[in-house]
Protein chains: 2
Amino acid sequence: MKTLIKDAAVVRPDGTTAQASIAVDGTRIAAVGAVPEGFAADEIIDGKDMLAVPGFVNAHTHASMTLLRSYADDMELMEWLNNHIWPVEAKMVSDDIYWGAALAAVEMIKSGTTTFADMYGPFMERVADVVAQSGMRGVLSRGIIGVAPDGEKKIEENVTLYKDYHGAADGRITVMFGPHAPYTCPPDFLKKVARAAQQLGAEVHIHMNETRAEIAQIEKQYGKRPFAYVEETGLFESGTLAAHCVHLDDEEIAIMKKHHIRVAHNPGSNMKLASGTAPVPRLREEGICVALGTDGASSNNNLDMLQEIQLAALLHKVTSYDPLAVPALEALKMGTEYGAEAVGLKDVGRLEAGAKADITLVSMKGAAWCPRHNEVSLLVYSGSAADVDTVLCDGKILMRHRALQTLDEEKILFEASRCAARLTR
Amino acid sequence: MKTLIKDAAVVRPDGTTAQASIAVDGTRIAAVGAVPEGFAADEIIDGKDMLAVPGFVNAHTHASMTLLRSYADDMELMEWLNNHIWPVEAKMVSDDIYWGAALAAVEMIKSGTTTFADMYGPFMERVADVVAQSGMRGVLSRGIIGVAPDGEKKIEENVTLYKDYHGAADGRITVMFGPHAPYTCPPDFLKKVARAAQQLGAEVHIHMNETRAEIAQIEKQYGKRPFAYVEETGLFESGTLAAHCVHLDDEEIAIMKKHHIRVAHNPGSNMKLASGTAPVPRLREEGICVALGTDGASSNNNLDMLQEIQLAALLHKVTSYDPLAVPALEALKMGTEYGAEAVGLKDVGRLEAGAKADITLVSMKGAAWCPRHNEVSLLVYSGSAADVDTVLCDGKILMRHRALQTLDEEKILFEASRCAARLTR
């Protein structure tokens, strides 16, 4: 299958925007620029008034939590978790995981996201089904809480998930291990997770240093901060995607550099839950890879990566009093190229020959895009996810002129609403 | 003209949402609830899957600056003003003001805004034309810089604007005086503005305490902080809408309370320009009216009030470490009811019998609105301005199913682009 995106405004890896065509051959970009001689496209997409950017990478989410969107907002974290989120999650059955993730996929594709890193469970195989059916990329991990009585079983589920799905769906599914967080996993348990992951050569996706309270708890319990605590268990040895990383000291940043830990920064969730502001400009200066995630829809409350890109660009300016803190292009890269790096994908997140054809086309026809002095500025500071027009992933068209090509939107919204009603009644 | 909005989810002034119909008779809401007996609607709007909220009030903007959207971003404030914004503004002619404001009106109506408070000039009569033609409400002021050689002339222009337009367009246009800021207006000049405004019974719209640097400058020059400085000129005596108010001390908050000063908080602009975070939770505790504005499109870069509502809800949570700092309903009220109060409009900003029929209908059909546990949470934390479906102002339909009814969108975008290209070449 050959697809030609004709004459779009293409954001190149160096940040410049050029009027160019993108030739897609199979799963990869064959050329960006002039149409290659003899390239016979099966499908032509008109790029007029379209901005082409890499598909967004949501580096940290809990997809099936869409079912709890707007169920419990504006409350203290522990009240939220103990009295609202956890009791409902305990009731979730396999179909809830499926329809919740399917709803997430609808929302993500419609807002230009092509890859998501998911930590949840049980029934992560149902999220894998959604990834396979939707045509997206999924980096899946079984969320493992060590303090729960079934901790060992969860490690086993993650092992099974890895064996059954790592590399599945033409390589669009990859699997990581998902130990939930230092404060929910004792040291011996983390060692077991580390061993299980390393035996398979799997990487790790973990929540780190989200709130001040959890850090104080770890310090009190173990006499050290979370990064030192986890480092000693060996968990960081096989490659780590660390979500949040809001509160860090110098020693922890040194540990992150030593183990090449990649960060999934979640500005929307950190703002809504009042967790704090991650030191993103500092992390960038230190050469640490910083990606963006939405977190779950019950703490955001949407899965709109462009909004996270916008928040990342705005939040760090105001908290550092530096209008150059996170420039527009850097924020966009956090949501695309750095996102792909953070979740462990090669050849994803850049629009250039040889890269995987994960492409989001954004319509620039609306009033918020007028006049067009600078397209990247317009996308980051003025555009909206609703401007996303067409989405390709792995060379396949997932949405065309806002119509989903792989998923039945109406049925999914109906079934997800039904699941949510049952869970919360 | 009688219009019936049938069976929508209506957000009432007390924050509850009820399935109800809204009967509009002439410029006002006749009833919210059951359809009044014998109400013969000329026009019926189906409210199924629609959330009805008051039209958004943009309490601080510079509409014609849309022409500079994306022209100069990611730079220091003084570099931005001196080398980019001011040189272009100096070239603006009457038609630029008109097409820039028309572009703003297109964008505002399409994102659910029915009222805007504008400070700009010269040629504010052309902004008045846009208000008259668009069917929106405009609270207009001539931006007056006292340190410029033509300061007196600008006061005269504001007097003329008031005399010609206050109460015009069936009362949809009101006029305030627009002394730019303490740091651009010396004391004797502010006294002249105060006298001119008070002779006409006009209120004042002014930038206050936006950056730390301008406060330091006033303190150095006059030995007092800006609110004390302005208070002594008498400018606060006739009613004041103060934009920004980012950095305040206790004495200044006392002055604000004494003069019933209303605040236009601009979270997007304050974040993008790295000005700082206004003490909104404190101001609310003190009983001060806090509204929301987008500021100009060159420092935002859109005129999306729902985004400001979202930012207001998120920013103050994270900076205060309090997840209850600005709850969803409070943020929505800042963008509607409190906005109307701040810009001096009575009977606007509430959906109830007797109020002006300024109504925004938001479609809840998208994935980001599923499931629907709480509509106000969904609007504030998950919805997008692109979900705005239909907009009424003063009883007239300005947009229906996203089609503008009063303005020629295509022509306006074309002409605005042409103006912007001429100004920046």
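It should be emphasised that the depicted structure is a prediction, and the values quoted were computed from it without experimental measurement.

### Focus: the pattern of salt bridges
- On inspection of all chains with the given rule, the structure shows 66 salt bridges over all chains.
- Measuring nitrogen to oxygen at the nearest pair gives 2.7 Å for the salt bridge that ties Asp358(A) to Arg137(A). With Asp358(A) in the loop between helix H13 (337–342) and strand S14 (359–363) and Arg137(A) in strand S8 (residues 137–144), this pair connects stretches of sequence that are 221 residues apart. Here the two residues Asp358(A) and Arg137(A) agree in accessibility, since each one is buried.
- One salt bridge connects Arg418(B) with Glu415(B), and the closest N-O pair in it is separated by 2.7 Å. Here Arg418(B) pairs with Glu415(B), and both are found in helix H15 (residues 409–424), just 3 residues apart, close to one helical turn.
- By sharing partners, the salt bridges in this structure join Arg137(A), Lys356(A), Asp358(A) and Asp394(A) into a single network.

### Here's the deal with the relation of the copies chain A and chain B
- Each copy of the sequence occupies a distinct position, and chain A is placed on chain B by a rotation of 180 degrees and an axial shift of 0.0 Å, giving an RMSD of 0.0 Å. Taken together, the rotation and translation relating the two chain copies correspond to the operation of a two-fold axis. Closest approach to the rotation axis among the C-alpha atoms of chain A is made by Ala386(A), whose C-alpha sits 3.1 Å away.
- Comparing interface residues between copies, 100% of those in chain A also sit at the interface in chain B, which points to an isologous, same-surface contact.

### Some details on the domain arrangement of chain A
Residue and element names in this part refer to chain A.
- Splitting chain A by domain gives domain 1 (2–54 + 348–404) and domain 2 (56–342).
- The interface of domain 1 with domain 2 comprises 30 residues on the first partner and 31 residues on the second.
- For the pair domain 1 and domain 2, the summed buried area comes to about 2400 Å², and 66% of that belongs to carbon and sulfur atoms.
- Where domain 1 meets domain 2, there are 3 salt bridges.
- For the pair domain 1 and domain 2, the interface holds 10 residue pairs in polar contact (both at pLDDT 80 or more).
- Of the residues contributing to the side of domain 1 that touches domain 2, the split by class is 17 nonpolar, 7 polar and 6 charged.

### Some details on the side chain of Thr184(A)
All names here are of chain A.
- Checked against the element boundaries, threonine 184 lands in the loop between strand S9 (173–179) and helix H5 (187–200).
- For threonine 184, a relative accessible area of 8% translates into the label buried.
- There is a polar contact of 2.9 Å between the side chain of threonine 184 and the side chain of histidine 180.
- When sequence neighbours within four positions are dropped, the list of residues in contact with threonine 184 reads Ile145, Gly146 and Val147.

### Some thoughts on unusual backbone geometry
- A cis amide bond, omega 10 degrees, links Asn300(A) with the succeeding residue Asn301(A).
- Take Asn301(A): it is sitting in the loop between strand S13 (290–292) and helix H11 (305–320).
- Positive phi is not limited to glycine here, since Ser70(B) has a value of about 70 degrees.
- Here Ser70(B) falls in the buried class, since its relative accessible area comes to 2%.

### Some details on the packing of helix H2 (residues 94–110) of chain A against helix H3 (residues 124–134) of chain A
Residue and element names in this part refer to chain A.
- At a minimum axis separation of 8 Å, H2 and H3 run at an interaxial angle of 35 degrees. The handedness of the crossing between H2 and H3 is right-handed. Residue-level contacts link Ser94, Asp95, Ile97, Tyr98, Ala101, Ala102, Ala105 and Ile109 of H2 to Arg126, Val127, Asp129, Val130, Gln133 and Ser134 of H3.
- For the contact of H2 with H3, the per-class residue count stands at 8 nonpolar, 3 polar and 3 charged.

### Quick word on the environment of Ser64(B)
Residue and element names in this part refer to chain B.
- Mapped onto the elements, serine 64 comes out in the loop between strand S6 (56–61) and helix H1 (77–89).
- You can call serine 64 buried: its relative accessible area is 0%.
- Spatially, the C-alpha atom of serine 64 lies 9.1 Å from that of aspartate 118, the residues being 54 residues apart in sequence.
- Once residues lying within four places of it in the same chain are set aside, the contact partners of serine 64 are Met92, Asp96, Ile97, Gly100, Ala101, Tyr120 and Val127.
- A distance of 2.9 Å separates a polar side-chain atom of serine 64 from the backbone oxygen of isoleucine 97.

### Some points on the UniProt feature "binding site: substrate" (unreviewed entry) in chain A
All names here are of chain A.
- Under the present numbering, the feature "binding site: substrate" (unreviewed entry) in UniProt falls on Glu89, Arg142, His180, Glu210 and Asp295.
- One can find glutamate 89 in helix H1 (residues 77–89).
- With sequence-adjacent residues up to four places away left out, glutamate 89 is seen in contact with Met65, Leu68 and Tyr120.
- Along the chain, glutamate 210 falls in the loop between strand S10 (204–208) and helix H6 (212–222).
- Once residues within four sequence positions are removed from consideration, glutamate 210 is found in contact with His244, Val246, His247, Leu273, Ser275 and Asp295.

### With respect to the side chain of Asp118(B)
Residue and element names in this part refer to chain B.
- Looking at where aspartate 118 falls in the secondary structure, it is placed in strand S7 (residues 113–120).
- Notably, aspartate 118 is buried but unbridged: the nearest opposite-charge side chain belongs to arginine 142, and the N-O separation is 10.0 Å.
- Contact partners of aspartate 118, with chain neighbours within four places excluded, come to Thr61, His62, Ala63, Met124, Val127, Val139, Leu140, Ser141 and His205.

### Some words on the interface of chain A and chain B
- With 60 residues of chain A in contact, the opposing surface of chain B contributes 60 residues.
- In this assembly, chain A packs against chain B so that about 4700 Å² is buried in total across both faces, 63% of it on carbon and sulfur atoms.
- In terms of surface lost to chain B, no three residues of chain A exceed Asp74(A), Tyr321(A) and His373(A), which account for 15% of the buried area on that side.
- Linking chain A with chain B are 2 salt bridges.
- Taken together, the elements giving at least two residues each to the side of chain A that touches chain B come down to H2, helix H9 (267–272), H11, helix H14 (375–381) and helix H15 (409–424) of chain A.
- By residue number, the principal contributor to the side of chain A that touches chain B is H11(A), which donates 7 residues.
- When the residues that make up the side of chain A that touches chain B are grouped by side-chain class, the tally is 28 nonpolar, 21 polar and 11 charged.

Rules and cut-offs
- Residues numbered from 1 in each chain as written.
- Chains lettered and ligands numbered in written order.
- Predicted model: local features only at pLDDT ≥ 70, side-chain atom pairs only at ≥ 80, totals over all residues.
- Heavy atoms only, no water.
- Salt bridge = Lys/Arg side-chain N within 4 Å of Asp/Glu carboxyl O.
- Helix = DSSP H or I, 4+ residues; strand = E, 2+ residues; numbered from the N terminus.
- Buried < 20%, exposed > 50% of the residue type's maximum accessible area, 1.4 Å probe, protein only.
- Least-squares fit on C-alpha atoms with pLDDT ≥ 70 in both.
- Contact = heavy atoms within 4.5 Å.
- Domains from an automatic or database assignment.
- Buried area = accessible area lost by both parts, 1.4 Å probe.
- Polar contact = N/O pair within 3.5 Å; in protein donor to acceptor, adjacent residues only side chain to side chain.
- Nonpolar A, V, L, I, M, F, W, Y, C, P; charged D, E, K, R; others polar.
- Axes fitted to C-alpha atoms, helices over the stretch in contact; angles between N-to-C directions.
- Left-handed = near helix turned anticlockwise from the far one by under 90°.
- UniProt positions renumbered as here; feature names shortened; annotations may be inferred.
- Lys, Arg positive; Asp, Glu negative; His and termini not counted.

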